[in-house]
Amino acid sequence: MTHTFVIAEAGVNHNGSVDLALQLVDVAKASGADAVKFQTFRAETLVTPSAVKAPYQDRTTSASESQFEMLQRLQLSADDHRKLIQHCRKIGIQFLSSPFDIQSADLLDEMGLPIYKVPSGEITNLPFLRHLARKKKPLIVSTGMSTLGEVEEAVQVLQVDGAKQITLLHCVTEYPAPFDQVNLRAMLTLKAAFGLSVGYSDHTTGIEVAVAAVALGAEVIEKHLTMDRSLPGPDHHASLEPNEFEKMVAAIRHIETALGTGIKKAAPCELQNIPIARKSVVSSQALPVGHRIVSGDLEIKRPGTGLAPKFLPAMIGRTLRTSVDRDEVLTWDHFA
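Residues numbered from 1 in each chain as written. Predicted model: local features only at pLDDT ≥ 70, side-chain atom pairs only at ≥ 80, totals over all residues. Heavy atoms only, no water.

Chemist: Hey, could you run me through the sheet that holds strand β7 (residues 197-202) in this one?
Modeler: Think of a sheet as strands paired side by side through backbone hydrogen bonds, with each pair either parallel or antiparallel. A sheet is described by the order of its strands in space; here eight strands give the open sequence β3-β2-β1-β8-β7-β6-β5-β4, paired in parallel fashion. Only two strands of the sheet have a single partner each, and these edge strands are β3 (94-99) and β4 (116-118). Here the strands of the sheet are splayed against their neighbours by 25° on average, with no regard to which way each runs. By the bridge criterion, four bridges tie strand β5 (residues 139-142) to strand β6 (residues 166-171) in an arrangement that is parallel. Its bridge partner lying in β6, S142 is registered against L169. Lying over the sheet, helix α5 (residues 78-91) contacts β2 (35-40) and β3, oriented at roughly 150° with respect to β3. Taken strand by strand, helix α10 (residues 208-216) contacts β7 and β8 (220-224), and its axis lies near 170° from that of β7. (Pairing = 2+ DSSP bridges. Helix = DSSP H or I, 4+ residues; strand = E, 2+ residues; numbered from the N terminus. Axes fitted to C-alpha atoms, helices over the stretch in contact; angles between N-to-C directions. Contact = heavy atoms within 4.5 Å.)

Laid out in structure tokens, this is it:
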């Protein structure tokens, strides 16, 4: 059975509070997630003061606050990162973070981050991708907003510069993402095009699309987690609350089990039902020893403990060597 790597995307849903971030770590662990992921950036190295917010950010944050000011409020310090990493180790969940610049990537490297998560917005930032590739660590790359050609260029750069293990996540960068624009089959296109591990970073409401992605073969699922969807902030509205996240993980684990081996055969639980649900050839009436069978002497009924219906034609014309009662289940022992 495969194991889907489930990432609880805490992102910036800590609202700049390390205490709230620690709560998100605890909830992620309790939900059954394999990892909890944050974002590592400094506002001054990420955006210009004049950069505008995305429409979804305008809808969920104060109109008087610029993107730069919003990000300043949401960034975590190096000490915050250390506290989160220590707590993750203590309770047994993998700490991950998405760096948004070279300095942030180096900071995470110094802290022993084992895997880099590349955010969708950096897919065309080839100098940044080269820097990450040279660290020789596994990369999980979100591909939101990108074309297949842009993904191809990014993969080539990563592989040329030394990346050995790359997982591509299909993603739609909108919060929440409309169901009719998810295009989940694009995840399979990534798999076919590059032969790499694939997964899905889900920004839809609810859990069904993430679960469907696992059924289609996603090896990694990423989903935003919040303590409360009504909290102020850019991503809370498109996130799952703790009980919902737990249900999603449980559903994913059920799907993993249900996918099975692909070998078509009776399941162990079905074996006891085969003789009950299937049918056999039975006598339509009481018949004496020596009777020569004609078609009207035979019927097909449950149980399936005798000769299968496919043998009915071979029974016509045979002679009984024992008498039979009406509805008696027939076997080859009944015939001479």
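Chemist: Please explain the side chain of H334 as it appears in this structure.
Modeler: Positionally, H334 belongs in the segment after α13 (312-315). A distance of 3.0 Å separates a polar side-chain atom of H334 from the backbone nitrogen of T331. Aside from chain neighbours lying at most four places away, what touches H334 is T319, L320, R321, T322, V324, E328 and V329. (Polar contact = N/O pair within 3.5 Å; in protein donor to acceptor, adjacent residues only side chain to side chain.)

Chemist: Which parts of the structure should I look at to understand the pattern of salt bridges?
Modeler: When the charged atoms of two side chains lie near each other, side chains of opposite charge can form a pair. Evaluated as defined, the whole model comprises 16 salt bridges. A salt bridge links D79 to R82, with the shortest nitrogen-to-oxygen separation between them at 2.9 Å. Of this pair, D79 and R82 are both found in helix α5, three residues apart, which corresponds to roughly one turn of the helix. K301 serves as the salt-bridge partner of D327, at 2.8 Å between the closest nitrogen and oxygen. Remark: K301 occurs in strand β10 (residues 298-301) and D327 occurs in the segment after α13; sequence separation between them is 26 residues. When its relative accessible area of 36% is taken as the criterion, D327 is described as partly exposed. The exposure class of K301 is partly exposed, given its relative accessible area of 30%. One network of salt bridges, with partners in common, ties together D106, D109, K135 and K137. (Salt bridge = Lys/Arg side-chain N within 4 Å of Asp/Glu carboxyl O. Buried < 20%, exposed > 50% of the residue type's maximum accessible area, 1.4 Å probe, protein only.)

Chemist: Where do I start with the packing of aromatic side chains in this structure?
Modeler: A ring pair, where both rings are aromatic, is described by two values, the distance of the centres and the angle of the planes. Within the structure shown, the criterion is met by five aromatic pairs. Judged by centre distance (5.9 Å) and plane angle (20°), the rings of F38 and F95 are stacked. Placement of F38 in strand β2 and of F95 in strand β3 is noted, with a sequence separation of 57 residues between them. Assigned by exposure class, F38 and F95 land together as buried. With a centroid separation of 5.8 Å and an interplanar angle of 70°, the aromatic rings of F311 and W332 are classed as edge-to-face. In this pair, F311 is assigned in the loop between β10 and α13 and W332 in the segment after α13, connecting sequence segments 21 residues apart. Three or more aromatic residues link up through ring pairs in this structure, and these residues are F311, W332 and F335. (Phe/Tyr/Trp six-rings, centres within 6.5 Å; stacked < 30°, edge-to-face > 60°.)

Chemist: Would you mind showing me how to read the nonpolar core here?
Modeler: Most often, soluble globular proteins have nonpolar side chains that are buried together. Counting residues in each nonpolar core, the largest one holds 61 residues, and the members touching the most others are F38, I221, F245 and M248. Take this core: its biggest share by element is six residues, from helix α1 (residues 18-31). The contacts of I221, once residues within four sequence positions are left out, are T4, F5, V6, I7, Y200, A210, A213, V214, M248 and I252. Within the second largest apolar cluster, eleven residues are counted, among which are V281, I293, L307 and V324. (Core = buried A, V, L, I, M, F, W, Y, C linked by side-chain atoms within 4.5 Å.)

Chemist: What's the story with the environment of L271 in this structure? I'm lost.
Modeler: Relative to the assigned elements, L271 resides in the loop between α11 (242-259) and α12 (274-277). Classification of L271 as exposed rests on a relative accessible area of 51%. Here the alpha-carbon distance between L271 and P303, two residues 32 residues apart in the chain, equals 14 Å.

Chemist: What is the right way to look at α5 in this model?
Modeler: The α-helix winds at 3.6 residues per turn, so residues separated by three or four positions along the chain end up facing the same way. With 14 residues, α5 should cover 20 Å at 1.5 Å per step; its first-to-last C-alpha distance of 20 Å lies within 8% of that length. Among the residues of α5, D80, H81, L84, I85, H87 and C88 are the ones counted as buried. Along the axis of α5, the buried residues cluster in a sector spanning 165°; they form a single face. Exposed and oriented more than 90 degrees from the buried face of α5 are Q86, R89 and K90. Here the buried face of α5 lies against α1, β2, β3 and α6 (102-110). One or two positions beyond α5, positive phi appears at G92, with a value near 85°. (Expected span 1.5 Å × (residues − 1). Arc of directions from axis to C-beta.)

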